[in-house]
Amino acid sequence: MFDPTSRYIVQMRVRRGFALASRLRRVFSRAAKQAKVTASPFKVGDYVAGDDPFNGCQEGVVAVINGSSIGLRTVVPRGATVVYYDYRQLRRPW
């Protein structure tokens, strides 16, 4: 007769749970990495213009890309060395 509480069946359920948890952990970590790495159309060293109601309109060179925010090093710094914009607020000035 089949005993659902036998030691073998319980061990198999535990192993299956660990396998499922590790697989889910891999899927979620891969999705988190892809979400952090946003496909920005700009590269470090590109000359762009940023327009933002808080930072104003400034032109400069892309210095840092951190997810969806891009650090812009301007020609004349206005109190900060690098001004951060969202990549959707940047455009090529020509």
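None of these values were measured; they are calculated from a predicted model. (Residues numbered from 1 in each chain as written. Predicted model: local features only at pLDDT ≥ 70, side-chain atom pairs only at ≥ 80, totals over all residues. Heavy atoms only, no water.)

Attention now moves to the pairing of strand E3 (residues 69-74). Bridging between strand E2 (residues 56-66) and E3 involves six bridges; their strand directions are antiparallel. In the sheet register, Val62 faces E3, and the bridge partner there is Leu72. Counting the residues between successive antiparallel strands, the hairpin from E2 to E3 contains two residues, one of them, Gly67, with a positive phi of roughly 70°. Direction of pairing for E3 relative to strand E4 (residues 83-86): antiparallel, over a ladder of four bridges. Paired with Leu72 across the bridge in E4 is Val83. (Pairing = 2+ DSSP bridges. Helix = DSSP H or I, 4+ residues; strand = E, 2+ residues; numbered from the N terminus.)

It is worth spelling out the sheet that holds strand E5 (residues 90-91) at this point. The five strands lie next to each other as E4-E3-E2-E1-E5, forming an open sheet whose pairing is antiparallel. Edge positions in the sheet fall to E4 and E5, since each of these pairs with one other strand and no more. Taken together, the two bridges between strand E1 (residues 47-52) and E5 define a ladder with antiparallel strand orientation. Counted as the bridge partner of Ala49 is Arg91 from E5.

Take the pattern of salt bridges next. By the definition in use, this model includes two salt bridges. As a salt-bridge pair, Asp46 and Arg92 come within 3.7 Å of each other at their nearest N and O atoms. Taken together, the residues span a long stretch of sequence, with Asp46 in the loop between helix H1 (7-36) and E1 and Arg92 in the segment after E5 at a distance of 46 residues. One salt bridge connects Asp86 with Arg88, and the closest N-O pair in it is separated by 2.6 Å. (Salt bridge = Lys/Arg side-chain N within 4 Å of Asp/Glu carboxyl O.)

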